[in-house]
Amino acid sequence: MVVSLNEPLDMHLHLRDGQMLDIVAPLSAETFSGALVMPNLVPPVTTKEAVVSYRQRVLKAGKNRAFTPYMSLFFRSDYTFEFLESVKDEILAIKLYPAGITTNSEGGVSGFDLLELAPVLNAMSELEIPLCVHGETGGFVMDREAEFIPVYEKLARNFPDLKIVMEHITTKDAVEALDRFENLYATITLHHLYITLDDVAGGLLQPHLFCKPIAKRPEDRAALLGAALSAHPKVMFGSDSAPHPREAKEAPGCAAGVFTAPIALQALAQLFDRHGAMEKLQRFVSDNAKRIYGIEPPAKEVILEKSPYLVPEIYEGSVVPMFAGQSIEWRVVSAG
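If you're wondering where the values come from, they're calculated on a predicted model, not measured in any experiment.

Participant: What exactly am I supposed to notice about helix H5 (residues 144-158) here?
Facilitator: Turn by turn, an α-helix covers 3.6 residues, leaving residues three or four places apart pointing in a common direction. The terminal C-alpha atoms of H5 lie 22 Å apart, and with 15 residues this matches the ideal 21 Å at 1.5 Å per residue to within 8%. Where H5 bends most, the angle comes to about 25°, and this point is proline 150. Those residues of H5 lying buried are Arg144, Glu145, Phe148, Ile149, Val151, Tyr152, Glu153, Leu155 and Ala156.

Participant: Got a minute to help me understand empty space enclosed by the protein in this structure?
Facilitator: Left-over empty space is what a probe sized like a water molecule reveals as it rolls over the atoms. In total, this model carries three cavities of 30 Å³ or more according to the counting rule given. The computed volume of the largest cavity comes to approximately 110 Å³. Lining the largest cavity are 15 residues; nearest its centre among them are His14, Thr102, Thr103, Lys212 and Asp240. Looking at the lining of the largest cavity, its residues break down into three nonpolar, eight polar and four charged.

Participant: Looking at this structure, how should I read the packing of aromatic side chains?
Facilitator: Aromatic ring pairs are defined here through the distance separating the ring centres and the angle between the ring planes. In this structure the tally under the stated criterion is eight aromatic pairs. Ring centres 6.3 Å apart and planes at 15° place the aromatic pair phenylalanine 32 and phenylalanine 237 in the stacked group. Placement of the pair is phenylalanine 32 in the loop between helix H1 (18-31) and strand E3 (34-37) and phenylalanine 237 in strand E10 (residues 235-237), with a sequence separation of 205 residues. For phenylalanine 32, a relative accessible area of 1% translates into the label buried. Since its relative accessible area comes to 1%, phenylalanine 237 is described here as buried. Aromatic ring contacts, followed pair by pair, group Phe32, Phe237, Phe272 and Phe284 into a single cluster. Of note, lysine 163 hangs over the ring of tyrosine 185, and the distance from its end group to the ring centre comes to 5.8 Å. It is lysine 234 that lies over the ring of tyrosine 185; its NZ or CZ is 5.3 Å from the centre.

Participant: What's the story with the sheet that holds E10 in this structure? I'm lost.
Facilitator: Pairing between the strands of a sheet is mediated by backbone hydrogen bonds and can be parallel or antiparallel. Pairing is parallel in the open sheet, where six strands are placed in the order E5-E6-E7-E8-E9-E10. The sheet is open, and its two edges are formed by strand E5 (72-74) and E10, each paired on a single side. Strand after strand, the sheet turns through a mean of 30° between neighbouring axes, direction not considered. The pairing of strand E8 (residues 164-166) with strand E9 (residues 184-188) spans three bridges and is classified as parallel. Each bridged residue has a counterpart across the sheet, and for valine 165 the counterpart in E9 is tyrosine 185.

Participant: Which parts of the structure should I look at to understand the pairing of E9?
Facilitator: The two faces of a sheet get side chains in turn, since along a regular strand they alternate between them. E9 sits mainly inside the fold: five of its five residues count as buried. Every second residue of E9 is oriented toward a common face, with Leu184, Ala186 and Ile188 on one face and Tyr185 and Thr187 on the other, all of them buried. Regarding topology, helix H6 (residues 172-178) serves as the crossover connection from E8 to the parallel E9, and that connection is right-handed. Summarising the sheet, E9 and E10 pair through three bridges and their orientation is parallel. Along E10, the bridge assignment pairs alanine 186 with valine 235.

Participant: In this structure, what is going on with the nonpolar core? I would like to understand it.
Facilitator: Side chains of a nonpolar character, in soluble globular proteins, are inclined to be buried together. Leu73, Phe75, Leu84, Met124, Ile263 and Phe272 are the most contacted members of the largest nonpolar core, which totals 105 residues. If one sorts the elements of this core by residue count, helix H4 (residues 114-127) sits on top with eight residues. If sequence neighbours within four positions are ignored, phenylalanine 75 has contacts with Ile94, Lys95, Leu96, Val109, Leu117, Val120, Leu121, Met124 and Leu131. One finds Leu9, Met38, Ala93 and Ile292 within the second-largest nonpolar core, a separate group that totals 17 residues.

Participant: Just checking my understanding: could you explain the pattern of salt bridges for this structure?
Facilitator: Note that side chains of opposite charge can pair when their charged atoms are close. All told, the structure shown has nine salt bridges when counted by the stated rule. For arginine 55, the salt bridge identified is with glutamate 90, shortest N-O distance 3.0 Å. You can see arginine 55 sitting in helix H2 (residues 48-61) and its partner glutamate 90 sitting in the loop between helix H3 (81-87) and strand E6 (93-96), a full 35 residues away along the chain. Glutamate 90 gets classed as partly exposed once you look at its relative accessible area, which sits at 22%. Across the pair arginine 274 and glutamate 329 runs a salt bridge, and its minimum N-O distance is 2.7 Å. With arginine 274 in helix H11 (residues 264-274) and glutamate 329 in the loop between strand E13 (327-328) and strand E14 (331-335), this pair connects stretches of sequence that are 55 residues apart.

Thresholds applied
- Residues numbered from 1 in each chain as written.
- Predicted model: local features only at pLDDT ≥ 70, side-chain atom pairs only at ≥ 80, totals over all residues.
- Heavy atoms only, no water.
- Helix = DSSP H or I, 4+ residues; strand = E, 2+ residues; numbered from the N terminus.
- Expected span 1.5 Å × (residues − 1).
- Bend = angle between axes of the 7 residues up to and from the residue.
- Buried < 20%, exposed > 50% of the residue type's maximum accessible area, 1.4 Å probe, protein only.
- 1 Å grid on protein atoms, 1.4 Å probe; cavity = no way out; pocket = protein on both sides within 12 Å on 5 of 7 lines; lining within 4 Å.
- Points joined across faces, edges and corners; volume = space filled by probe spheres on them.
- Nonpolar A, V, L, I, M, F, W, Y, C, P; charged D, E, K, R; others polar.
- Phe/Tyr/Trp six-rings, centres within 6.5 Å; stacked < 30°, edge-to-face > 60°.
- Lys NZ or Arg CZ within 6 Å of the ring centre and 35° of its normal.
- Pairing = 2+ DSSP bridges.
- Axes fitted to C-alpha atoms, helices over the stretch in contact; angles between N-to-C directions.
- Right-handed = clockwise from strand over helix to strand, strands pointing away.
- Core = buried A, V, L, I, M, F, W, Y, C linked by side-chain atoms within 4.5 Å.
- Contact = heavy atoms within 4.5 Å.
- Salt bridge = Lys/Arg side-chain N within 4 Å of Asp/Glu carboxyl O.

Note that every value here comes from positions in space, so none of it alone points to a role or purpose.
The structure is reproduced here in structure tokens:
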């Protein structure tokens, strides 16, 4: 059995910088036509110069493959209309992080005072710059996303012309919110389609499955699967692939993030095939994102076949992927 995917897109990707960028960027550029690159570097990407410079580093690390890095800015409440207008053509979206809620988010938003945020959000609405949000509160870890839903609702009601993307949703509550507001959209990761909290901590702790937002309950995974496998028109694939050195994962204070970029398409094909939904994979992994964001990535056809693929134990002696050392039922046979 063979399947062809055209212009696959990863609409939530962490590429890091420096040596880690050089390791992971080619792995995404090989099989994806483009990706929305997250801005939470140290320091975060907050200026036009930083956007342009980071894009150049990503392209260089990607080794001239047919791959478009769609750039994003780290949200700040003091951005002016003039600044956003000047940087609009260099970015696809602006990413909002609650302060301290995830990796390198210390400079994020504290509280969600709409009076304080309104000037930037109104400017984004007028300039048609989408807002991507890491939607979690600082509450009990299993409830953080559900507790954030009222914030999404407040944003959607008060800024109806602003396209709002709920990033890496993990709950039934978030799936249900999609259909209540015309301007709400969402990305769903590979790992949240496969795992629940029990896979992370139900037996021996699995550090390479630890992520934020944390994997939730079986009923939440079922809701995510329902949205992804039906290619819900407001849902896109976003891996949230988040590489960390092995020593940062297998350690006290385990870093949050699951590295899935090099095996994402193979594992998605396996999942959609198992559920008899292969005809919906193209929409989930490309067509919906192209329509939602209004983008035309470079032409790329990725052909996968149903034959076993052994996932590497580690990449470049540094980064351990999801399913390390395990066999996946699908493999990539060509990309170009």
